[in-house]
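Structure at a glance
Letter by letter, the chains look like this.
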Amino acid sequence: MIRFLQVPVDTLKLDTVFSRTPSSTYSFWVYNRHDDGIRLQSVRLRRGNQSGYRVNVDGIYLDNANGAQTNDVEIRKKDSVLVFVELTAPEVYKDTPTLLEDDLLFLLESGTEQKVLLQAWAWDAIKLYSPVIEKDSVIASRVPYIIYGDMTIKEGAKLTIRNTSLYFHAGSGLEVYGSLNTENCLMRGDRLDRMFSYLPYDRISGQWKGIHLYASSKGNLLIDTEIRNPEYGIICDSASIDDAYRLRMLRCIVHNCKGAGVELNQTYALLENCQLTNTLGDCLKVSGGHAEIQYCTIAQFYPFSANRGAALYLTNQYAPLERFICEGSIITGYEEDVVMGSQKGEGVAFNYSFNNCLLRTPKVDDAEHYNDIIWESMNDSIQGTKHFVTIDEENLYYDFHLVPESPAVGLGCY
């Protein structure tokens, strides 16, 4: 009788990995269901040590000096062994992910050979370690960048990033003392693997620090830029206000932050057609200064804590709120009231207006501050999550385009 091992997988799929960067460890069991022991003459990788895969079988590493194999592995009757697989992919010299495969071969003493296909996508990347931008510079690359440590833009320098993805390692961020200009960019954490089989790390907040615009920073322009899964999205420090925007964002997404999404402290900012969504802190916090919000979607459906912040928070506690204008926007969330504020008292400017917006907040009779408002309540047939195409709270997948029947059609960023 020919005996076989029971291997529950015929293909072990690893996630996409950056070249020259170790992957997470994957594992599977190999069972001997027979009443006699089975001896494996060898366990080896078909491509030897050329593919970058590393394998441990029952505590024994496949020895690269011996052709990436080990010999004489015994699996006792009704027993099993655990196989661990890791990958450090070599460079593939392409600007798109490339399929990288190898076969893990189990050769029984009987001559029977069984295999498990190891499969991953390898992606070349440019690695930068605590880069400092001291003069005007441009990054434009189809190959992604991985940032280890903080990327710092010195005062007086401007960094322009076009058509590029930046993957920030844990604890890394973008420290801006000069100017940041981006167009068609993605900024996110560098974990490409999964926390669970259904849940990529990319859907978990707090994967990297975020963007900090210091008081000396000015002339920041972000266009078609997505910032996701950081500690905070953008913090803009207080500075003297003049006629020029310190921060302008056009068609940008700030999503899934462990702190605030966008925090504006006594600054002059313009946000147009932006999506600010799902933050443990406030999606948008305006503390004094001058801010204009035009046709934005601000939705507070942060899934990891019920103690989440507001969708919008206005305050003059630390600086006068000289002017806040919100037009054509959607501001909604889980709670009954997601438009919050705190006022210091008389004599300190607290000037705001909402025009042609959907607001999830109790209705007020205040024509000075509110004009042409759709007042959303929990009793509406379409409210909260029901405005949007996909709010998948189990798999943490979100699409904030509006469904056709939403009363907010014509508002927001889409």
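Here the structure is shown first, and the text comes after it.
Quick summary incoming for the structure in this document. (Residues numbered from 1 in each chain as written. Predicted model: local features only at pLDDT ≥ 70, side-chain atom pairs only at ≥ 80, totals over all residues. Heavy atoms only, no water.)

**A short note on the overall build of the protein chain**
When its secondary structure is counted, the protein chain shows 0 helices and 37 strands. Over its C-alpha atoms, taken along the principal directions, the protein chain stretches across nearly 90 × 55 × 35 Å. Burial analysis of the protein chain (414 residues in total) assigns 54% to the buried set. Here the analysis covers contacts within the protein chain between residues at least 6 apart in sequence; of these, 59% occur between residues at least 24 apart. Accessible surface computed for the protein chain: about 18,700 Å², of which carbon and sulfur atoms make up 45%. Charge centroids of the protein chain, computed over 38 positive and 54 negative side chains, lie 7 Å from each other. (Helix = DSSP H or I, 4+ residues; strand = E, 2+ residues; numbered from the N terminus. Buried < 20%, exposed > 50% of the residue type's maximum accessible area, 1.4 Å probe, protein only. Contact = heavy atoms within 4.5 Å. Areas by Shrake-Rupley, 256 points an atom, 1.4 Å probe, with all protein chains shown as cover. Lys, Arg positive; Asp, Glu negative; His and termini not counted. Charge placed at Lys NZ, Arg CZ, Asp CG, Glu CD.)

**A closer look at the pattern of salt bridges**
Between side chains of opposite charge, a pair can form when the charged atoms approach closely. Inspection of the entire model under this criterion finds 20 salt bridges. With its nearest N and O atoms 3.6 Å apart, the salt bridge here joins Arg142 to Asp95. Here Arg142 is found in the loop between strand S13 (137–140) and strand S14 (145–148), whereas its partner Asp95 is found in the loop between strand S8 (80–87) and strand S9 (98–108), with 47 residues between them in sequence. Judged by its relative accessible area of 29%, Asp95 is partly exposed. (Salt bridge = Lys/Arg side-chain N within 4 Å of Asp/Glu carboxyl O.)

**As for the state of the cysteines**
Going through the model one piece at a time under the given rule, you end up with 0 disulfides. Cys326 takes part in no disulfide bond, and the closest cysteine sulfur to it belongs to Cys357, at a distance of 3.8 Å. (Disulfide = S-S within 2.5 Å.)

**Topic: unusual backbone geometry**
If you check the backbone angles, Asp58 has positive phi at about 55° while not being a glycine. Secondary-structure assignment places Asp58 in the loop between strand S5 (53–57) and strand S6 (60–61). Not every positive phi belongs to a glycine, and Asp72 is a case in point at roughly 55°. Residue placement: Asp72 occurs in strand S7 (residues 69–75). Here Asp72 falls in the exposed class, since its relative accessible area comes to 52%.

**What to know about the packing of aromatic side chains**
Under the counting rule described, the total for this entry stands at 20 aromatic pairs. With a centroid separation of 4.9 Å and 75° between ring planes, the pair formed by Phe301 and Tyr334 is classed as edge-to-face. Here Phe301, found in the loop between strand S29 (297–300) and strand S30 (312–315), pairs with Tyr334, found in the loop between strand S32 (330–333) and strand S33 (339–342); they are 33 residues apart in sequence, far enough to count as distant. Ring geometry for Tyr370 versus Trp375: centroids 5.2 Å apart, planes at 55°, classification tilted. Note on accessibility: Tyr370 and Trp375 belong to one class, buried. Here the aromatic residues Phe324, Phe350, Tyr352, Phe354, Tyr370 and Trp375 are joined through ring pairs into a cluster of three or more. Here the guanidinium or amino end of Arg33 rests over the ring plane of Tyr31, the centre of that ring lying 4.2 Å away. In this arrangement the basic side chain of Arg191 is found over the ring face of Tyr201, its NZ or CZ atom lying 3.8 Å from the centre. (Phe/Tyr/Trp six-rings, centres within 6.5 Å; stacked < 30°, edge-to-face > 60°. Lys NZ or Arg CZ within 6 Å of the ring centre and 35° of its normal.)

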